[in-house]
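What the coordinates show
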Amino acid sequence: MPKSKRDRAVTLSKTKKKGREHKENIVNSIRDAVEQYNSIYVFSFENMRNLKFKQFREQLKSTSRFFLGSNKVMQVALGRSDSDEIRTGLHKVSKLLRGDSGLCVTNMSKEEAQRIFNEYEDYDFARTGSIATETVELKEGPLDQFTHEMEPFLRKQGMPVRLNRGVVELVGDFVVCEEGKPISPESSRILRLMGMKMATFKLHLICRWSPEDFEVYQEGLEGSDIESS
């Protein structure tokens, strides 16, 4: 009987070495970029969509580089204190790499970078667990937006439906989702069928560093952990 690939032994030291090398490559890439570009931004993101972010990066590849991944690795690359920072003041940038965030190193002017990030947003279908931005309720009666082939699928999603002369009919009012509450897997599928995009992929600038100055854009982040550094 042939051995399953899952049963193959993997040398732990090799996996550790590969992971370490990958992290070292990221650290070196960030440090090289810091020397090549004029300014650095920390940005946060909402409702990340990998394909859309890839397209955003592609539009700016002539002026900018982006780094996403482990905040700790990016912090190591920049320096986490004034004693190990690679450029003066970069440990302040490092302290603002928290949660869903990334780095943008760029030659764009401050005004252009702010405009591009502030204006960017893209809509997509909400995923399971995201918060509904509005209440969606379907009233009793025919549902002309759905074809008769969809009736079994809609029933599986918990909708009280039946076929009436080939038309999907709702036999009672049905709340798909409620504003401010998490979206269930069933609600996510129904909203997608309805063509309702509730998720907005957005990027927010948190701070900007250049050799001349350092700015924090979001209120409440100018904490003592930065000021006292």
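Residues numbered from 1 in each chain as written. Predicted model: local features only at pLDDT ≥ 70, side-chain atom pairs only at ≥ 80, totals over all residues. Heavy atoms only, no water.

**A few points about the overall build of the protein chain**
- Along the backbone of the protein chain there are 8 helices and 11 strands.
- When each of the 229 residues of the protein chain is scored for burial, the buried share is 38%.
- Expressed as a percentage of contacts within the protein chain between residues at least 6 apart in sequence, the contacts between residues at least 24 apart total 74%.
- Total accessible area on the protein chain is roughly 14,100 Å²; 46% of this is exposed by carbon and sulfur atoms. (Helix = DSSP H or I, 4+ residues; strand = E, 2+ residues; numbered from the N terminus. Buried < 20%, exposed > 50% of the residue type's maximum accessible area, 1.4 Å probe, protein only. Contact = heavy atoms within 4.5 Å. Areas by Shrake-Rupley, 256 points an atom, 1.4 Å probe, with all protein chains shown as cover.)

**Concerning unusual backbone geometry**
- The backbone of N47 shows a phi angle near 50 degrees, a positive value even though the residue is not glycine.
- Relative to the helices and strands, N47 resides in the loop between β1 (39-46) and α2 (50-59).

**Let's talk about the packing of aromatic side chains**
- For the coordinates displayed, the defined rule picks out 10 aromatic pairs.
- When the centroid spacing of 5.7 Å and the interplanar angle of 85 degrees are considered together, the rings of F53 and F66 count as edge-to-face. Of the two residues, F53 sits in helix α2 while F66 sits in strand β2 (residues 64-68), which places them 13 residues apart along the sequence. Side by side, F53 and F66 carry an identical accessibility label, which is buried.
- With centroids separated by 5.6 Å and ring planes inclined at 85 degrees, the aromatic side chains of Y120 and F201 adopt a geometry described as edge-to-face. Placement of Y120 in the loop between α5 (110-119) and β4 (121-124) and of F201 in strand β10 (residues 199-209) is noted, with a sequence separation of 81 residues between them.
- Of the residues examined, Y120 reaches a relative accessible area of 15% and is grouped as buried. (Phe/Tyr/Trp six-rings, centres within 6.5 Å; stacked < 30°, edge-to-face > 60°.)

**Remarks on helix α7 (residues 185-194)**
- Among the residues of α7, those classed as buried are S187, S188, I190 and L191. In an axial view of α7, the angular spread of the buried residues amounts to 165 degrees, which keeps them on one side of the axis.
- Of the surrounding secondary structure, the elements contacted by the buried residues of α7 are β5 (136-138) and β9 (174-177).
- Where α7 terminates, the next one or two residues include G195, which has phi positive at roughly 75 degrees. (Arc of directions from axis to C-beta.)

**Considerations on the environment of K72**
- Tracing the chain through its elements places K72 in helix α3 (residues 71-78).
- Taking the C-alpha atoms as reference points, K72 and S94, separated by 22 residues in sequence, lie 8.8 Å from one another.

**Thoughts on the pattern of salt bridges**
- For the structure on display, the rule yields 14 salt bridges.
- The residue E215 makes a salt bridge to K110 at a minimum N-O spacing of 3.5 Å. Linking E215 in strand β11 (residues 214-216) with K110 in helix α5, this pair joins segments that are 105 residues apart in sequence.
- With its nearest N and O atoms 2.6 Å apart, the salt bridge here joins R155 to E151. Taken together, the residues span about one helical turn, with R155 and E151 both in helix α6 (residues 151-156) at a distance of 4 residues.
- In this structure, a network of salt bridges that share partners links the residues K110, R208, D213 and E215. (Salt bridge = Lys/Arg side-chain N within 4 Å of Asp/Glu carboxyl O.)

**A word on α2**
- Buried within α2 are the following residues: K52, F53 and F56. End-on, the buried residues of α2 take up no more than an arc of 100 degrees, which puts them together on one face. The outward face of α2, more than 90 degrees from its buried face, is lined by the exposed residues N50, L51 and K54.
- If you follow the buried residues of α2, they end up packed against β1, β2, α5, β4 and β10.

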